[in-house]
Amino acid sequence: NDFNAVKVWGLHDHRFYLLGGLVCQCTMRRAVDWIQRYDIEARQKDVIIHWRVESQFWNEPLRQAIADSNKQFNRQLNISVVDTPRSKKIDRLMAMCPYYEIGKIRYDEQLKNDVDILEGVRQLMGIEPGYRTHDDSPDADERAVAALAAFDRAYSFSPQIAQATNNRNSNY
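Worth saying up front: this structure is predicted, and the values here are computed from it rather than measured.

Draft legend 1. Focus on the packing of helix α5 (residues 115-125) against helix α6 (residues 136-155). Relative to each other, α5 and α6 sit at 90 degrees, their axes nearing to 7 Å. In terms of their interaxial angle, α5 and α6 are classed as roughly perpendicular. Judged by residue contacts, Gly 120, Gln 123 and Leu 124 of α5 engage Asp 136, Ser 137 and Pro 138 from α6. When its residues are assigned to classes, the contact of α5 with α6 shows two nonpolar, three polar and one charged.

Below you can see the structure in the form of structure tokens.
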């Protein structure tokens, strides 16, 4: 069994909130079943989660795990396949540091004793140039935060509307 990391992040008031996660050495099927259960619970609260998987992981064993899980739960899990970033992973992971430093990343206090979240924090603390530890959780965090940051930038833009003048000597 390989390490799997499934992280659930939310965005509120320009801050990123870790809401849940699975970070452990387990089968792909166990990870997909965890997603199913989390998704069912979220939908009961009228919350829709946009599940994503990097294209490098989109393979036959994952497709089979999803198909088997869909059959067991009698529902279709909605997962988007996204491109795997081309930049160096260490650079992407280190780019999250400013978010932590200025307090834009928050963890749900109810998760402080969750073994999966603690494993994710342990992995995060091991990230430094030349690291040789598991990085599945920080990698999942970075991809989610990057997607939420892009969404936040796109939707926090507010156009300025002003009346144009016809003054030819004006510099705008």
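Draft legend 2. The arrangement of the packing of aromatic side chains in detail. One pass over the structure, following the stated rule, counts five aromatic pairs. Between the aromatic rings of Phe 151 and Tyr 155, the centroid separation amounts to 4.6 Å while the plane-to-plane angle is 35 degrees, which identifies the pairing as tilted. In this pair, Phe 151 and Tyr 155 are both assigned in helix α6, four residues apart and thus about one turn of the helix distant. Given a relative accessible area of 45%, Phe 151 falls into the partly exposed group. Of the aromatic side chains, those joined through ring pairs into one cluster are Trp 34, Tyr 38 and Trp 51.

Draft legend 3. Local environment of unusual backbone geometry. You will see that His 14, though not glycine, has its phi angle at about 65 degrees, which is positive. Position of His 14 among the secondary structure elements: in the loop between β1 (2-12) and β2 (15-26). Since its relative accessible area comes to 39%, His 14 is described here as partly exposed.

Draft legend 4. Structural context of the pairing of β1. Relative to β2, β1 is paired through 11 bridges, and the arrangement is antiparallel. The residue of β2 that forms the bridge with Leu 11 is Phe 16. Adjacent in sequence and paired antiparallel, β1 and β2 are bridged by two residues, among which Asp 13 carries a positive phi angle near 55 degrees.

Draft legend 5. Expanded view of the sheet that holds strand β5 (residues 105-107). The strand order β1-β2-β5 describes an open sheet built from three strands, whose pairing is mixed. Each having just a single partner strand, β1 and β5 make up the two edges of the open sheet. Put simply, the sheet's adjacent strands are angled 35 degrees from each other on average, direction ignored. Two strands pair when backbone bridges link them, and β2 and β5 are joined in this way by three bridges, in the parallel orientation. Along β5, the bridge assignment pairs Phe 16 with Ile 105.

Draft legend 6. Local environment of the pairing of strand β4 (residues 79-82). As paired strands, strand β3 (residues 51-54) and β4 are joined by four bridges and run parallel to one another. Within β4, the residue paired with Arg 52 across the bridge is Ser 80. Where the polypeptide runs from β3 across helix α2 (residues 60-73) and back to β4, its parallel neighbour, the crossover connection is right-handed.

Draft legend 7. Spotlight on the environment of His 12. With respect to the helices, strands and loops of the structure, His 12 is situated in strand β1. The exposed category is assigned to His 12, whose relative accessible area is 55%. Considered as a pair, His 12 and Asp 152 are 140 residues apart in the sequence and their alpha carbons are 9.1 Å apart.

The rules behind the values
- Residues numbered from 1 in each chain as written.
- Predicted model: local features only at pLDDT ≥ 70, side-chain atom pairs only at ≥ 80, totals over all residues.
- Heavy atoms only, no water.
- Axes fitted to C-alpha atoms, helices over the stretch in contact; angles between N-to-C directions.
- Helix = DSSP H or I, 4+ residues; strand = E, 2+ residues; numbered from the N terminus.
- Parallel < 35°, antiparallel > 145°, perpendicular 65-115°, else oblique.
- Contact = heavy atoms within 4.5 Å.
- Nonpolar A, V, L, I, M, F, W, Y, C, P; charged D, E, K, R; others polar.
- Phe/Tyr/Trp six-rings, centres within 6.5 Å; stacked < 30°, edge-to-face > 60°.
- Buried < 20%, exposed > 50% of the residue type's maximum accessible area, 1.4 Å probe, protein only.
- Pairing = 2+ DSSP bridges.
- Right-handed = clockwise from strand over helix to strand, strands pointing away.

Read these as layout, nothing more, since geometry by itself doesn't imply function.
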